Amino acid sequence: MRYFVGIDIGSTAIKISVADENKNLVGHKISASGSMFYKYAQEALAELLKELGIDESEVVYTVATGYGRKLFKEADENISEITANAIGAQQAAKSYGNIKTIINIGGQDSKAISLDAEGNVVNFAMNDRCAAGTGKFLDVVAMNLEIGVDELSDYHFKSKGTPLSISSTCAVFAESEIIGLLGNNHSVEDIVSGVHYSIAKRIVKLVKRVGVKENVYFDGGPALNDGLVSAIENELGHKIFVPEYPQITTSYGAAVLACDAFLSESAS
Amino acid sequence: MHTEHTIETSAERQNRHKAMEAISVINALREDFKSPIHSMGYFYDLFEKVYCHHQPLHEGKAKIGTMCIQIPSEIIYALDGVPIRLCNGFYTDDEIGGDLLPQKSCPLVKATVGWFASDNFSDKPDITFSPTTCDQKTKAGAIIESFGHTVIDVGFPRTKESEESRHYWRESVKSFAVKLSKFQGKKLTRSNLESAIKKVGYAQSLYHKLTEFRKNKAVPILGVDMFLVTNAFFFDKIDEWISAVEKLVVELEQRASEGVNVAGKASPRIVYTGSPPIFPNYKIPLIIEQSDAIIVADETCSSNRMFNDMVAVDEWNLYDMIDSVSDKYLKACTCPIFTQNDDRIRRIIQLVRSYNGDGVIYQAFAGCQVYEMEQRSVLAAMEKEGIPILYIESDYSPSQHGQLTTRVEAFIESLKNRKRMKK
């Protein structure tokens, strides 16, 4: 068998996807970027292939993406995460319908991508203010509230009062705002839902810059947070589609591209 | 993992946004300051009720929208209406209005237009009167009318010194009274106007009592609380407002006798002027008072200018009363839309002197041209008087908070130093 690997080296995590010749996802792995992400990326890839019972020689084409992509020298090709994300999203949402808008929240940035009818990227926007409203921001929030990141969603839906908005666009100032709210005995639930809505408002502004077209797809680690998903849906005013593995869309897109690249190369 | 959620309607979303803006200010007032005032609870609850829970206050009453301070409440009350002042302080509405008006326009006007555009009121005005004060408000009236609301212009002169202006305005007010009387199907009489003048006059006298306490060395009430009290007059039931302020006066008497101070011993005393702080846009006043200063007086149309001068009646005949009401809304007004506007500078200096102010903070909304244009002359006049002044331009967006805080803090610290040097 021939396999295709997409490897996405992000600020927080390394995501690897393996696709077969039909572009189906065969397996994936997520591991922390850590301090030596080149080494970790190699190790993670080897482990994943082992788990899947794939011999290294069966991997015929590898595409790297993400902000650390240029450091992964074994790759046959590398592409920007915008393109990889667009390709991966369309493949992952095939059963759902034609994706027109992508929201991606990563560890240190957030993006909105607009696609045309053929699935080409026509426009995209990125946050211009540091870590505000990103995965890192959610980590900081959870840490300050002394809860797990995976608990944020539960707290969100338990909120009974008015969400307490966080106006600072800087994660560092936002931290002090949250500490202030805690100090005044506000419920963790109302703070969490406020944080989610504050991020959602910011992301929807970003999306409006590229134009909202249905269907909207949402991925990146924070898409695992259902509370945030609900907040974005409310801010947008319509439903969004979250894939089964929202963290790996981009690496999956790289794997799909690897497949296309290999097949077109061998055809010529 | 991804469960089904219901999605808010656009009105629900907008109400949540407004509630989020409102609650953060109400919470700051409730929690961020020392020596909270018990009877302020009425006002915190009122704003929460209206802006977080969107409860109507005036069901079954005729709600008469007003677009500026100049539409006489006395005549509205006399004709059995409830005046609702539609000057709006919500960033949510400002953003909606921003799609309909030029980006450079005043946020207050954008927010007011945005409010009408979304047609999302807890107490929707049945008719709105728009005095032709500044250009932006005048033009906004026509835009609002295009959304299907009834807006009636009330001609307002741009000079106030001349007899012609006075005459013109008196005729305008009469014509407003006639139109409203027709709309309400009720006659303006000597007795209903007299009792309305007396009631509004009593409300003003209560405001004067509150301001007297602010002359004390130990100031018993925050400036932001005062803004909240006066902003409540925009839409509250007047009798309930009066009884809440009566209670506040009693509590402040008690606090004054005990020497309760909401500020620190060295806190500079600020006179606030410029574009009006309208709930929940208390950005600058909150920064000032969170930075260890205290606002002791203001010259804005959401507080001092609205309440300062009372209707002075010579003869309690209907036409004399209407003329007196008209004069109060023209002669006493220090709005920068007027050309010769020495009154405003005189008033600011007088407030600094009588409230023992250490400095003036002059805030103009970006896009509020008259304040922007006038700041130079006000700055020069203050310099001549030896009164330190800080000019700040801002809008309704929460994003500049950090930079604004740094500027205000530096000014306040310079005032503290000045005070220490004097000693």
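Report follows, based on the coordinates. Everything numeric in this text was worked out from a predicted model, so none of it was measured.

1. Description of the overall build of chain A
At step 1: Summing up its helical and strand segments, chain A has eight helices and nine strands in all.
At step 2: Whereas a compact globule of 268 residues would reach a radius of gyration of roughly 18 Å, chain A reaches 19 Å, a difference of no more than 12%.
At step 3: Viewed in the frame of its principal axes, chain A has a C-alpha envelope of about 65 × 40 × 30 Å.
At step 4: When the 268 residues of chain A are sorted by exposure, 54% land in the buried category.
At step 5: Across chain A, contacts joining residues at least 24 apart in sequence account for 65% of those joining residues at least 6 apart.
At step 6: About 11,300 Å² of surface is accessible on chain A, with carbon and sulfur atoms providing 50% of the total.

2. Points about the overall build of chain B
At step 1: Looking only at helices and strands, chain B has 16 helices and eight strands in total.
At step 2: Here the C-alpha atoms of chain B give a radius of gyration of 21 Å, agreeing with the 22 Å that 2.2 N^0.38 yields for 423 residues.
At step 3: Taken over the C-alpha atoms alone, chain B extends approximately 75 × 65 × 40 Å along its principal axes.
At step 4: By residue count, 61% of the 423 residues in chain B fall in the buried class.
At step 5: In chain B, 77% of the contacts between residues at least 6 apart in sequence involve partners at least 24 apart.
At step 6: Accessible surface, chain B: about 17,100 Å² in total, of which carbon and sulfur atoms supply 50%.
At step 7: The positive charge centre, built from 52 side chains, and the negative charge centre, built from 56, are 4 Å apart in chain B.

3. What about the interface of chain B and chain A?
At step 1: Between chain B and chain A, the residue contacts involve 22 residues of the former and 26 residues of the latter.
At step 2: Both faces considered, chain B and chain A share a buried interface measuring about 2,100 Å² in area, 51% of it formed by carbon and sulfur atoms.
At step 3: Linking chain B to chain A there are two salt bridges.
At step 4: Residues B:Arg16 and A:Glu235 are paired through a salt bridge, measuring 2.7 Å at the closest nitrogen-oxygen approach.

4. Quick word on the nonpolar core
At step 1: Formed by 183 residues in total, the largest nonpolar core has its most connected members in A:Phe218, A:Ile232, B:Phe43, B:Ile75, B:Trp241, B:Phe279 and B:Ile288.
At step 2: The dominant element in this core, judged by the number of residues it contributes, is helix H6 (residues 188-210) of chain A, at 11 residues.
At step 3: If sequence neighbours within four positions are ignored, B:Phe279 has contacts with B:Ala22, B:Val25, B:Ile26, B:Phe47, B:Tyr51, B:Gly89, B:Phe90, B:Leu228 and B:Asn231.
At step 4: Counting residues in hydrophobic clusters, the runner-up holds 17 residues, among them A:Val5, A:Ile14, A:Leu48 and A:Val59.

5. Some details on the environment of B:Ser243
Residue and element names in this part refer to chain B.
At step 1: Within the secondary structure, Ser 243 sits in helix H10 (residues 238-258).
At step 2: Ser 243 sits in the partly exposed class, given a relative accessible area of 30%.
At step 3: With 40 residues separating them along the chain, Ser 243 and Ala 203 place their C-alpha atoms 9.5 Å apart.

6. Concerning the side chain of B:Gln14
At step 1: Along the chain, the position of B:Gln14 falls in helix H1 (residues 10-31).
At step 2: Ignoring anything within four residues of it in the chain, the contact list for B:Gln14 reads B:Thr92, B:Asp93, B:Ile96, B:Ser118 and B:Asn120.

7. Observations concerning the sheet that holds strand E3 (residues 127-131) of chain B
Residues and elements named next belong to chain B.
At step 1: Read from one edge of the open sheet, four strands run E2-E1-E3-E4, paired in parallel fashion. Whereas interior strands pair on both sides, the edge strands pair on one side only; in this sheet they are strand E2 (81-85) and strand E4 (151-154). The average undirected angle you get between the axes of adjacent strands in this sheet is 30°.
At step 2: Where strand E1 (residues 62-66) and E2 come together, five bridges link them in parallel fashion. When the bridges of E2 are listed, Ile 64 appears paired with Pro 83.

Conventions used here
Going along each chain's sequence as written, the residues are numbered from 1 onward. Think of it this way: whatever chain is written first is A, whatever ligand is written first is 1, and the rest follow in order. Only residues with pLDDT of at least 70 get local features here, since the model is predicted, and only at 80 or more are side-chain atom pairs given and counted; chain-wide, interface and lining totals rely on the full set of residues. Water and hydrogen atoms were dropped before computing side-chain values, which therefore reflect all heavy atoms in the structure. For helices the rule is a DSSP run of H or I covering at least 4 residues; for strands it is a run of E covering at least 2, with both sets numbered from the N terminus onward. C-alpha atoms define the radius of gyration in this analysis, and the globule rule sets the expected value at 2.2 Å times the number of residues to the power 0.38. Note on classification: 1.4 Å probe, protein chains only; a residue is buried when its accessible area is under 20% of the maximum for its type, exposed when over 50%, partly exposed between these limits. Note on contacts: a residue pair is in contact if any heavy atoms of the two residues lie within 4.5 Å. The protein chains shown are the only cover counted for residues, whose accessible areas, like all others here, come from Shrake-Rupley with a 1.4 Å probe. Residues scored as positive are Lys and Arg, those scored as negative are Asp and Glu, and His as well as the terminal groups of each chain are ignored. Where a charge sits is defined by one atom per residue type, namely NZ (Lys), CZ (Arg), CG (Asp) or CD (Glu). Simply put, the buried area is the total loss of 1.4 Å probe accessible area from both parts when two parts are fitted together. By convention in these notes, a salt bridge is any Lys or Arg side-chain nitrogen within 4 Å of a carboxyl oxygen on Asp or Glu. Note on terminology: a nonpolar core comprises buried Ala, Val, Leu, Ile, Met, Phe, Trp, Tyr and Cys residues joined through side-chain atoms within 4.5 Å. By definition, two strands form a pair when at least two bridges between them are found by DSSP. Each axis is a line fitted through C-alpha atoms, and for a helix only the stretch in contact is used; angles between axes span 0 to 180 degrees, taken between their N-to-C directions.

These values are about where atoms sit, not about what they do.
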